[in-house]
Structure formats: C-alpha cells, structure tokens
Amino acid sequence: MEKKQLFRIAVIFALGKVLYGVITDHDQQCTGGLSKESIFGWMLQGHIYKTMLADLPHTCVFACYKDDRCQSLNWVISLLTCEFSNRTKEARPEDFIPNADRFYFKRDRNRVGLGSIPELPAETCHEIKSSEGQATSGKYWCSTIKTGTSILAYCDMETEDIDECTTSHPVCDVNANCTNTRGSYFCTCKTGFSGDGKTCQGIVGKRKYCDRNNEFHTKSVEGIESNNRQTTQLYGMVITSVTSFCKCVNYRRITNADRKVTYGKVSVQCDKTIDTAWYRFEGAVGTRMPTSCPPLYRCNTNAPGWLKGGHPSVADGQVTRKACFHWSNCCSLSTNIKVRNCGSYYVYYLKSTGSCWYRYCSTD
Ligand SMILES: *[C@@H]1O[C@H](CO)[C@@H](O)[C@H](O)[C@H]1NC(C)=O
Ligand SMILES: *[C@@H]1O[C@H](CO)[C@@H](O)[C@H](O)[C@H]1NC(C)=O
C-alpha cells in the first residue's frame, strides 16, 4: 500500500516536470531534454528492444543517451518503466499511436543516424530519409538484405533503392552476376554454371586436349561449357573433326626460305636428321609441298622432294602419301608420309630421308 503511494507520487512528480516542460519549453539542460521532445498520451509501438524499471523518466533518458541503438523511448506511467525503441516516430509514423498510460520521448542528444552504424541498421532507404529529415545517397547499414545480418549497402535516396549488388557481403554466388533493380535484385549464374544465382554449380563439361604424342583426349572439368567453345577460344579454330584436332594444333613450323622449289643449290642440305613429327610450312618457305616433280638441285639440295598423289581435302582426314625425291628419275627414292588438310593449311608427318642429299621441298 505504502509502496504504491510512493510510486504515484513519483509519477506525478515526473509528469509535472514533463507537462511543465511542454508548456514552457524550458531549458533543456535542466530537464534532460524531456521538455521539448516528450509527447504525453502517445507511444511508439513495435520497435522496443529493451525495457527498464526507473523511478523517474530522467533515468531512462540518461540510459538512452548511453545506448547507440536508442532512438526514442516510451515511459509507462503506471509501471514506472521505460521502453527503449530503435526507431523514432518520424521513421515509423504508422507505429505512433495514442496511449493514455504513456508518453513518448524522442532522443534529443547525440542520436545516431539510422543506418549509420551496424548496431542500428535500417530496413529501407525511405525509412532513413524519414528518420533523418534528409539524407544523402551513400552507404548505409541495412538489415533486410540478409536476415540477422547488418550489411553495408548503397542507398540511392532519390529512387529510395538499395543496391544489393554493391554490398561488402555478396548476395549472389561467386560464380554469378548480380543485377540491381529498383526495389530488388537478381542473380544469374555465369556461363558454365547452373543454379538460381544464389548458389551456382559448375556444369561438368569436357575439356579437349592433345597429349605429347598428338593423341586427342577429353577430360571432365567442372565449370566449362560442354560444347567446343572453350577449346575454340583456346586455339582460335573451329574443330570440325575430333581426330584431326591434335595434328592441326600441335605441329612444328618450317619457315626457312631455302626449302622453296625456286631456291637453287647453295650449301646443300638434307633431311637425314629431321625429327619424325608433324610440320607446317609457313612464311617465306611457302605453304605446302609441291605436287609435281621439281627440277634437280633445287631447294638447296641435290634431290628435291615432292608430294605424289596430291593433297587431301578436309573431309579425307589424315592420308598416307608418297614423298618422292627427284634424282635419277622423279621418284628414284620415296618414303611414306602422312598429310592432313586443316582447312586453311596443311600439315605433314615427315621422317628422316635415311641418307643425303634428299630434302623435302615447299612451294607457295
Ligand atoms: C529493433 O527492435 C526490434 C524490436 O522491436 C527488433 O526486432 C529489432 O531486431 C531491433 N533492431 C536492432 C538492430 O536491434
Ligand atoms: C556476367 O557479367 C559479365 C561481365 O559483365 C558478362 O560478360 C557476362 O555475359 C555476364 N554473364 C551472364 C550469364 O549474365
């Protein structure tokens, strides 16, 4: 009984001060700011993060000053309790309602701007604008991008749109593109990945490669397209047939001009020691082997070599042909070589002539 009486006295005391403040708009230093910012008979609902018992509302006001999250408080007259809110009535006018047992107090000193610290994230850009009166576009802490996490994101105050794609905490999978839209965003898995964009899984595709022996292989690799695009990008050519692939990619270049059929005999060379391998004639040497018998003592040798039987088409694939060397007749020595048409050039599988002075020749 006695206790209740005491409470009542305290409440009346407090109220008296408040009402006095409201009427006279008195010196804020003395009243702890209660005068100007308190509104009797009203409360802010739905944003109370903490309550506290206190004999006087001033105690609550000072507690509010010490808590960065505190934006406003309700004082409950009959319970001598304060309810701390992490919003102001400006931020949430719809939650500001009449209540005969309370008065509302907006923090008047060192109030932290909504969204300016991780402990006080905003839900929308609009809320920040309303709460602060005016706000400039920039990065703010936001609670709606990922539940339970404060994320720094760009707020465009003109459109009131959060750019979810610029956050420090990626909203899409690392293998996805993020596209911001007004009011939302979407994620798209990158090429070679599938999923909803928030999680993307690598599509298992086949990577094509040639080993040292020019043998063609495929290997399952995650994150590549299952068609030929990757390989095409790697080698800059379209693969028409898998078996032709390696030979058309892994070859050696022959570029010395003295192999040309128009070149005379200057220092006499031979192909006794040539490595067995695929070759392509390129540059000053021309582009292909001659398909008719060259005169003697050409391409810087005694017995010049030529291709008998003509060149294959792309569709012929790899063919075996005779390379003839002109000495006592146009084919006095011959050896089997392989030839492939790679579309815009030929490759030849050449091997040692066995003795001198025989040499493979070329022409334009
Ligand atoms: C603000 O208060 C509400 C309770 O009213 C709570 O659900 C929310 O998590 C609080 N926000 C922060 C950042 O503490
Ligand atoms: C992802 O973004 C990159 C770079 O902007 C673009 O080249 C690519 O096409 C995009 N991919 C998809 C699936 O949208």
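Residues numbered from 1 in each chain as written. Chains lettered and ligands numbered in written order. Predicted model: local features only at pLDDT ≥ 70, side-chain atom pairs only at ≥ 80, totals over all residues.

- Per an unreviewed UniProt entry, the recorded name for the protein chain is EGF-like domain-containing protein, and the organism is Porites evermanni.

**Points about the overall build of the protein chain**
1) Next: Of regular secondary structure, the protein chain possesses 7 helices and 21 strands.
2) Next: Taking all 364 residues of the protein chain together, 32% fall into the buried category.
3) Next: Of the contacts formed within the protein chain by residues at least 6 apart in sequence, a portion of 53% connects residues at least 24 apart. (Helix = DSSP H or I, 4+ residues; strand = E, 2+ residues; numbered from the N terminus. Buried ≥ 20, exposed ≤ 12 C-beta atoms within 10 Å, placed from the backbone. Contact = placed C-beta atoms within 7 Å.)

**Notes on the site of ligand 1**
1) Next: Residues in contact with ligand 1, as listed here, are G46, H47, I48, Y49, R69, N86, L120 and P121.
2) Next: Grouping the constituent residues of the shell around ligand 1 by class yields 4 nonpolar, 3 polar and 1 charged. (Near = placed C-beta within 6 Å. Nonpolar A, V, L, I, M, F, W, Y, C, P; charged D, E, K, R; others polar.)

**Considerations on the confidence of the model for the protein chain**
1) Next: With 82% of its residues at a pLDDT of 70 or more, the protein chain has an overall mean of 85.
2) Next: Within the protein chain, strand β17 (residues 303-308) carries the highest mean pLDDT (98), whereas helix α6 (residues 229-235) carries the lowest (42).
3) Next: Taken as a whole, residues 8-13 scores under 50 in pLDDT and shows 5 contacts with residues more than four places along the chain or in a different chain.
4) Next: The low-confidence segment residues 16-33 (pLDDT under 50) makes 31 contacts with residues lying over four places distant or belonging to another chain. (pLDDT = per-residue confidence, 0-100.)

**With respect to the nonpolar core**
1) Next: Ranked by size, the top nonpolar core spans 22 residues in total, and within it M289, V347, Y348 and C361 carry the most contacts.
2) Next: When residues of this core are traced back to their parent elements, those giving at least two are α7 (242-249), β17, β18 (318-325), β20 (346-350) and β21 (358-360).
3) Next: Excluding anything up to four places from it in sequence, C361 contacts R259, V261, M289, P290, P294, R298, C299, P304, G305 and W306.
4) Next: Among the nonpolar cores identified, the runner-up in size contains 15 residues, and C70, L73, C82 and F103 belong to it. (Core = buried A, V, L, I, M, F, W, Y, C linked by C-beta atoms within 7 Å.)

**Brief notes about helix α4 (residues 57-65)**
Owing to its 3.6 residues per turn, the α-helix aligns residues three or four sequence positions apart on the same side.
1) Next: Those residues of α4 that fall on the buried side of the exposure criterion are P57, C60, V61 and C64. Looking straight down α4, one finds its buried side chains confined to an arc of 100°; they lie on one side. (Arc of directions from axis to C-beta.)

**So, the sheet that holds strand β2 (residues 48-53)**
1) Next: One open sheet accounts for 5 strands, arranged β1-β5-β3-β4-β2; its pairing is antiparallel. Edge positions in the sheet fall to β1 (38-44) and β2, since each of these pairs with one other strand and no more. Taken over all neighbouring pairs, the strand axes of this sheet differ in orientation by 40° on average, direction set aside.
2) Next: The sheet contact formed by strand β3 (residues 72-76) and strand β4 (residues 81-85) spans 5 bridges and is antiparallel. (Pairing = 2+ DSSP bridges. Axes fitted to C-alpha atoms, helices over the stretch in contact; angles between N-to-C directions.)

**Observations regarding the sheet that holds strand β6 (residues 138-146)**
In sheet architecture, strand pairing relies on hydrogen bonds along the backbone and comes in two forms, parallel and antiparallel.
1) Next: Spatially, β6-β7-β8 is the arrangement adopted by the 3 strands of the open sheet, whose pairing is antiparallel. At either margin of the open sheet sits one strand with a lone partner, and together these are β6 and β8 (161-163). The sheet shows a mean angle of 55° between the axes of neighbouring strands, direction not considered.
2) Next: For β6 and strand β7 (residues 149-156), the ladder comprises 6 bridges, and the chain directions are antiparallel. For Y140, the partnering residue across the bridge sits in β7 and is A153.
3) Next: Lying on the sheet, helix α5 (residues 125-132) is in contact with β6, β7 and β8; it crosses β7 at an angle near 80°.

**Structural notes on the pairing of β20**
1) Next: Counting buried residues along β20, 4 of its 5 residues qualify, which places the element largely inside the surrounding structure.
2) Next: Direction of pairing for strand β16 (residues 277-281) relative to β20: antiparallel, over a ladder of 3 bridges. Of the residues in β20, the one forming a bridge with Y279 is Y348.
3) Next: In terms of strand pairing, strand β19 (residues 333-341) meets β20 through 4 bridges, oriented antiparallel. The residue of β20 that forms the bridge with V339 is Y348.

**Here we look at unusual backbone geometry**
1) Next: Following C356, the chain continues to W357 via a peptide bond in cis, the omega torsion being 5°.
2) Next: Inspection of the secondary structure puts W357 in the loop between β20 and β21.
3) Next: With phi around 50°, L80 is a residue other than glycine that occupies positive phi space.
4) Next: The residue L80 is located in the loop between β3 and β4 in this model.
5) Next: You will see that N300, though not glycine, has its phi angle at about 55°, which is positive.
6) Next: Tracing the backbone shows N300 in the loop between β16 and β17.
7) Next: Since 22 C-beta atoms lie within 10 Å of it, N300 is described here as buried.

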